[in-house]
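Understanding the architecture of this molecule
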Amino acid sequence: QYPDIKFSMQELESPAIREMLAEGRLDIGICEIGSDSSFRIIPLLRDEIFAIVPPDHPLSRHSRVTIRELAEYPFISFAIGETSLNSPGWPEMMLKQAVRLNIAYSCKDNLTVFKIVSLHLGLSVSSLLIMSNYDSDVVPLHFDPPIFRTIGILHRQDEKMLPAAQAFIKCLQEHIKSTHAAKE
């Protein structure tokens, strides 16, 4: 649709995206968004977060679980930055709960987390968006109360958005709208 537009895409973690945007090394970033007022925010979609457990785990018979229930079992964390069991990973930062999770493993790859959970080595969390990309032997359980994250586009407040970035965002929004409409 836009044959003269060229762009470069990098896969990074949300903190690295924010840092590179702040430094002017990226024009836009797509990541989980919060209430970060240092960037212009364009929400794209709401993504539900689920607990994931092996099919024969005692919690798998429940339709909903609480974060407190997860804390009773070994937990597989998604590492952010350098892998470390001492620093909070994605679920701990996102859940923002007073409950301390029993972190048994920390890794960076979704497929690895699904495999570790399927081997009964712990429980974890995942989002609907992530789970839709993998065939896995895990059972997703809704949280009580439900937990969502928002995926969106970040752009520096002090910069005019380039036409190429505007065109990319328009294409992305149209794709998400058509994909969401097809699922309903």
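Above this text you will find the structure in question.
Residues numbered from 1 in each chain as written. Predicted model: local features only at pLDDT ≥ 70, side-chain atom pairs only at ≥ 80, totals over all residues. Heavy atoms only, no water.

**Some remarks on the overall build of the protein chain**
- Along the protein chain, the regular secondary structure elements total six helices and seven strands.
- When the elements of the protein chain are put in sequence order from the N terminus, they spell out α-β-β-β-α-β-α-β-α-β-α-β-α.
- Sorting the 184 residues of the protein chain into buried and exposed places 39% on the buried side.
- Within the protein chain, counting contacts between residues at least 6 apart in sequence, those at least 24 apart form 72% of the total.
- Within the structure as shown, the protein chain displays about 11200 Å² of accessible surface, and the carbon and sulfur contribution to it stands at 53%. (Helix = DSSP H or I, 4+ residues; strand = E, 2+ residues; numbered from the N terminus. Buried < 20%, exposed > 50% of the residue type's maximum accessible area, 1.4 Å probe, protein only. Contact = heavy atoms within 4.5 Å. Areas by Shrake-Rupley, 256 points an atom, 1.4 Å probe, with all protein chains shown as cover.)

**Describing the pattern of salt bridges**
- Under the counting rule described, the total for this entry stands at six salt bridges.
- We note a salt bridge from D158 to R156, for which the minimum N-O separation is 3.2 Å.
- Residue classification places R156 among the buried residues on the basis of a relative accessible area of 15%.
- Beyond isolated ion pairs, a larger network of salt bridges with shared partners links E32, D47 and R149. (Salt bridge = Lys/Arg side-chain N within 4 Å of Asp/Glu carboxyl O.)

Geometric values such as these leave the question of function open.
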